Amino acid sequence: MSEIDFDQELTRAALPQAVLAVLSHSESHGYAIAEFLRQHGFTRIKGGTLYPLLKRLEDQRFVEHTWHHDQAGPGRKQFRLTEQGHQELERSATAWRRMSQALTDIQTTRQERP
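This one's a predicted model, so the numbers in the text were calculated from it and none came from an experiment.

Right, let's talk about the nonpolar core for a bit. One finds Val19, Leu23, Ile33, Leu37 and Val63 to be the most contacted residues of the largest nonpolar core, which totals 21 residues. Secondary-structure elements contributing two or more residues to this core are α1 (6-25), α2 (30-39), α3 (47-59) and β3 (73-81).

On to the pairing of β3. Direction of pairing for strand β1 (residues 28-29) relative to β3: antiparallel, over a ladder of 2 bridges. When the bridges of β3 are listed, Ser28 appears paired with Phe79. Note that strand β2 (residues 63-70) and β3 share 7 bridges and pair antiparallel. By the bridge assignment, His68 is partnered in β3 with Arg76. Counted along the chain from β2 to the antiparallel partner β3, the turn is 2 residues long.

To continue, consider the packing of α1 against α3. Two elements in contact, α1 and α3, have axes separated by 11 Å at closest approach and are oriented at 75°. As far as their axial angle goes, α3 and α1 are roughly perpendicular. Every residue of α3 that contacts α1 at Leu15, Pro16, Val19, Leu20 and Leu23 is listed here: Thr49, Leu50, Leu53, Leu54 and Leu57. Residues of the contact of α1 with α3, tallied by class, amount to 9 nonpolar, 1 polar and no charged.

What counts, and at which threshold
Residues numbered from 1 in each chain as written. Predicted model: local features only at pLDDT ≥ 70, side-chain atom pairs only at ≥ 80, totals over all residues. Heavy atoms only, no water. Core = buried A, V, L, I, M, F, W, Y, C linked by side-chain atoms within 4.5 Å. Buried < 20%, exposed > 50% of the residue type's maximum accessible area, 1.4 Å probe, protein only. Helix = DSSP H or I, 4+ residues; strand = E, 2+ residues; numbered from the N terminus. Pairing = 2+ DSSP bridges. Axes fitted to C-alpha atoms, helices over the stretch in contact; angles between N-to-C directions. Parallel < 35°, antiparallel > 145°, perpendicular 65-115°, else oblique. Contact = heavy atoms within 4.5 Å. Nonpolar A, V, L, I, M, F, W, Y, C, P; charged D, E, K, R; others polar.

Here is the structure:
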């Protein structure tokens, strides 16, 4: 029986909310989002994970993009949160807090029993 990689599972579960949170501060391009996430503990983020997620968030109308063209290099997509994205971030953050509290309650209850 193999062990569950809880770090990987938690990262997968938290990543959509983390991306929405990053974009709630300001618009950004994918590489900058990934770098910000890496600096804040999401060490396993790769383009093959982030860009499909951004596409799904766009499909759900939580995120939208515009093309920014730079004279020094190729254009890039700048992502920003939509109003629906702000609402989803609030909803998902509330759900995460409830789950965190439930886990804390379970751990506390287990510790109190003989």
